[in-house]
Structures are given as C-alpha cells and as structure tokens.
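# Residue-level structure breakdown
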Amino acid sequence: MSFDVIVIGAGVFGAWTARKLLDLGRRVLLIDAWGPAHARASSGGESRMTRGAYGADEVYTRLARQSLADWRSLSERADPPLFHRTGVLFFFQRIEPYLEETMRVHRRLGLRSEWLDDRALRRRFPQIDFAGVEAGVWEPDFGVLMARRAVRALVAGFVAGGGDYVQAAIAPPQGDRDRLQRILSSTGERFQADRFVFACGAWLGKLFPDLLASRIFPTRQEVSFFAPPPGDPRFGPRSLPGWADFNHGDFYYGVPDLEGRGFKIAHDAHGPRMDPDSGDRTPSAEGLADVRAFMARRFPAMADRPLSEARVCQYENS
C-alpha cells in the first residue's frame, strides 16, 4: 500500500503529527513497534506535566501554549478527562535569570502567570516547605496530562477519522541521499509513501546510525509514586499543583495524587546512558533514597509514606 505520509513512532510527536496531517486531507499511515504509549516509550507513564516556564527558550513556551488547546479539546471528548488543570508552580531559591526571562516571555506572549514571593508561596501551598526559597512563578492554566491514556485516545481518534495504524518494527532505512521511497519492517513487509516522518525518540540513533548515533544520547531517569496519608486532601489535585523546584539548576518535579495513582516525584537529572530496548528498568535503592531525602526537605508529610509504584524511563538528549 502507498500513502501520502508515513509516520514512524506513535508517541506524542508522532501521534499528533499523524492526526494533523490527516486533518489536512493526507492519506496517513502511523507505525509503532510496540503500540501507542507503550511501557518503553518516553511518551508513556501515567502522567506528564505541561508548563510554559522555560526561561529565555521562548520556542518551548510557544509550543506548550499552542498544544494546550489541542490537549484540552482531546480531553473534553474523553471520559474520564485526560487533562487536569491543576496549575503549575515553579519555585526558585533566588531570583534567577531563568525566572526573570520566563516572566518576560510570558508578558510578551500574553500568557497568564503570577510572580509569587516567599510569603505568598507559604500562604497558598502550606504543604510545601519553602525554606530557602525566594520566589516562584504560578501558571494557572497549565496542569497535568494522563499521558498514557491521552496518547492512546489520540491514536484511536486518528484511526476512527480514517487514518491507518500498523504495529511493526521498522528496519534502518536504505536508499540514496536524495529521496526515501520505501521502508521495510523487520519481517520484510514493504511500506511506500511520498513522505516519511520519523518520530522515534530514543530509537532515532538506531534507525539512522551514521547520522544520529553520535548525536542522540538516551539516559536513564527514575520516577516514583508514593501513597499520601489516608484522608489527607493536601496532596490531591484540588490543593497541590504540578510543581518544579529549580534547586539551583538541579531540578526536582512532581504532580499531585491523580486518579489514585499516588504523589509523583522525579529528579530531573540525566542518569547513565541507556539502551531503550535492553536497558535495565529496575528502580534502584539509590534513586528511591534520593527522592525520599528531597521529600523530607520539601514535603515532610510525605517523607515516610510507602512507595506505591516506581518506573524507569529515558531521556532523548542530543
């Protein structure tokens, strides 16, 4: 079969690309080796925060703002909803250029946000210990997506709207430098199209070893969920926003207890390099100790709470 466009990778970028091309009237095939939002995918996991605070990197703020309308529209058609408008709080130990540039970009784009000093932070969010924190930025319109369900709903809508989806592992493309006309699956099945979009994240280096193997660096990151105290609403979405602690550039971030999954926390640090296919995804004792130490400092009521779930994902650094 021949298509106008074939999109390889059914994560966030691939699924939305396929959907937008379909809306433009193109005949589109979407391919993924394991399925939308599978356990190895960087787009997988139960929840992901969407925010507009990116310092001077205005392009990311623009992308976040533009995509938010699409996510909310997708969420409104789903039951239960896919987007939780919890707001997002990003706080800082001192007045950083990152904070000042974020506010300048928000004002330039007309994005709703609020600068909070330490007193306002303590008054609004008493469940967080803001010791040593000077200021924060509050983004009331952003929040948290139920990532796995959202991507799967997006692909289901793409198929229902006339798009084609196939589960297949694609071999590294072969062809001349001027034009790619076809791709093959690992079992030899041939797919032809006028155009190809490779939205494969951590697998790009494997598909294009000569071009990208030295440029894409998947690294390991652990994400943990903890059971909040029973009957305590302080860590639910009505009281706690999505949050990020700048922590002098060594970020920690998390989201409230959504849909009973638990209080989510992660250290936003690039771990060791990781093979997305064969890398060890067993959570480590060191990773658990790291986030517990952070919670003891910032979320003391959560410090000794039991772990309900932990998973290992990867970054696609370049």
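Residues numbered from 1 in each chain as written. Predicted model: local features only at pLDDT ≥ 70, side-chain atom pairs only at ≥ 80, totals over all residues. Heavy atoms only, no water.

A word on the overall build of the chain. Across its full length, the chain carries 8 helices and 16 strands. The C-alpha atoms of the chain give 21 Å as radius of gyration, which agrees with the globular expectation for 318 residues (20 Å, within 12%). The principal-axis extent of the C-alpha atoms belonging to the chain is close to 60 × 45 × 40 Å. With 318 residues in all, the chain has 49% of them scored as buried. Counted over contacts in the chain with a minimum sequence separation of 6, partners at least 24 positions apart contribute 72%. Looking at the chain, you have 43 positive and 40 negative side-chain charges, and the mean spots of the two groups are 3 Å apart. (Helix = DSSP H or I, 4+ residues; strand = E, 2+ residues; numbered from the N terminus. Rg over C-alpha atoms; globule rule 2.2 N^0.38 Å. Buried < 20%, exposed > 50% of the residue type's maximum accessible area, 1.4 Å probe, protein only. Contact = heavy atoms within 4.5 Å. Lys, Arg positive; Asp, Glu negative; His and termini not counted. Charge placed at Lys NZ, Arg CZ, Asp CG, Glu CD.)

This part covers the packing of helix α1 (residues 12-23) against helix α2 (residues 58-76). Where α1 meets α2, the axes come as close as 13 Å, and the angle between the chain directions of the two elements is 80 degrees. By the angle between their directions, the pair α1 and α2 is classed as roughly perpendicular. Counting all contacts with α1, which are made through Val12, Trp16 and Lys20, the residues of α2 involved are Asp70, Trp71 and Leu74. Residues of the contact of α1 with α2, tallied by class, amount to 4 nonpolar, no polar and 2 charged. (Axes fitted to C-alpha atoms, helices over the stretch in contact; angles between N-to-C directions. Parallel < 35°, antiparallel > 145°, perpendicular 65-115°, else oblique. Nonpolar A, V, L, I, M, F, W, Y, C, P; charged D, E, K, R; others polar.)

Below, the discussion takes up the sheet that holds strand β16 (residues 307-317). Pairing within the open sheet is mixed, and its 8 strands lie in the order β6-β7-β5-β13-β14-β15-β12-β16. The sheet terminates laterally at β6 (114-117) and β16, the two strands that pair on one side only. Across the sheet, the mean angle separating the axes of adjacent strands is 20 degrees when strand polarity is ignored. Relative to strand β15 (residues 263-267), strand β14 (residues 252-255) is paired through 4 bridges, and the arrangement is antiparallel. Within the sheet, the bridge partner assigned to Val255 lies in β15 and is Lys264. (Pairing = 2+ DSSP bridges.)

We now examine the packing of aromatic side chains. To describe a pair of aromatic rings, one takes the distance between the centres and the angle between the planes. Summed over all chains, the structure comprises 22 aromatic pairs. Aromatic side chains Tyr54 and Tyr60 sit 5.6 Å apart centroid to centroid with 40 degrees between the ring planes, which places their arrangement in the tilted category. Of the residues examined, Tyr54 reaches a relative accessible area of 22% and is grouped as partly exposed. An aromatic cluster is defined as three or more aromatic residues linked by ring pairs; in this entry it consists of Phe235, Trp243, Tyr252, Phe263, Phe294 and Phe299. Above the face of the Phe3 ring, Arg27 is positioned so that its terminal group lies 4.9 Å from the ring centre. The cationic tip of Arg51 hangs over the ring face of Tyr54; the distance from NZ or CZ to the ring centre is 4.1 Å. (Phe/Tyr/Trp six-rings, centres within 6.5 Å; stacked < 30°, edge-to-face > 60°. Lys NZ or Arg CZ within 6 Å of the ring centre and 35° of its normal.)

Helix length check: α2, at 19 residues, gives a terminal C-alpha distance of 28 Å against a target of 27 Å (1.5 Å per residue), a fit within 8%. The principal kink in α2, of about 25 degrees, is found at Ser67. Taken together, the buried positions of α2 are occupied by Glu58, Thr61, Ala64, Leu68, Trp71, Leu74 and Ser75. Looking at the buried positions of α2, the neighbouring elements they touch are α1, β3 (48-50), β4 (83-84), α3 (97-109), β8 (143-145) and α5 (147-160). (Expected span 1.5 Å × (residues − 1). Bend = angle between axes of the 7 residues up to and from the residue.)

Under the criterion given, the structure shown has 1 cavity of 30 Å³ or more. One number sums up the size of the largest cavity: a volume of about 30 Å³. Taken together, Gly45, Glu46, Ser47, Arg48, Val223, Phe225, Lys264 and Arg311 make up the lining of the largest cavity. The residue inventory of the lining of the largest cavity, partitioned by class, reads 2 nonpolar, 2 polar and 4 charged. (1 Å grid on protein atoms, 1.4 Å probe; cavity = no way out; pocket = protein on both sides within 12 Å on 5 of 7 lines; lining within 4 Å. Points joined across faces, edges and corners; volume = space filled by probe spheres on them.)

On to the side chain of His106. As for its position among the elements, His106 is in helix α3. Dropping the residues within four chain positions of it, His106 is found in contact with Gly52, Ala53, Thr61, Leu111, Ser113 and Glu139.

The next subject is the environment of Ala244. Relative to the helices and strands, Ala244 resides in strand β13 (residues 242-245). A relative accessible area of 3% means that Ala244 is categorised as buried. Between the alpha carbons of Ala244 and Tyr98 there is a distance of 13 Å; along the sequence they are 146 residues apart. In this structure, Ala244 is in contact with Leu89, Phe90, Phe91, Tyr252 and Tyr253, ignoring residues within four places of it in sequence.

Mapped onto the elements, Pro126 comes out in the loop between α4 (118-124) and β7 (135-139). The sequence separation of Pro126 and Leu240 amounts to 114 residues, and the corresponding C-alpha distance is 9.6 Å.

The next point concerns the nonpolar core. In terms of nonpolar packing, the biggest core is built from 24 residues, with Val7, Val28 and Leu30 touching the most fellow members. Secondary structure elements with two or more residues in this core: β1 (2-8), α1, β2 (28-32), α2 and α5. At 5 residues, α1 tops the list of elements feeding residues into this core. In this structure, Val133, Phe235, Ile265 and Val291 belong to the second largest nonpolar core, which totals 22 residues. (Core = buried A, V, L, I, M, F, W, Y, C linked by side-chain atoms within 4.5 Å.)

As a further point, take the side chain of Glu222. Tracing the backbone through its elements, the reader meets Glu222 in strand β12 (residues 217-226). Polar side-chain contacts of Glu222 include one of 2.6 Å to the side chain of Ser284. Sequence-distant contacts of Glu222, defined by excluding residues within four places in its chain, comprise Ala266, His267, Pro283, Ser284, Gly287, Leu288, Arg311 and Val312. (Polar contact = N/O pair within 3.5 Å; in protein donor to acceptor, adjacent residues only side chain to side chain.)

Read these as geometric descriptors, not functional statements.
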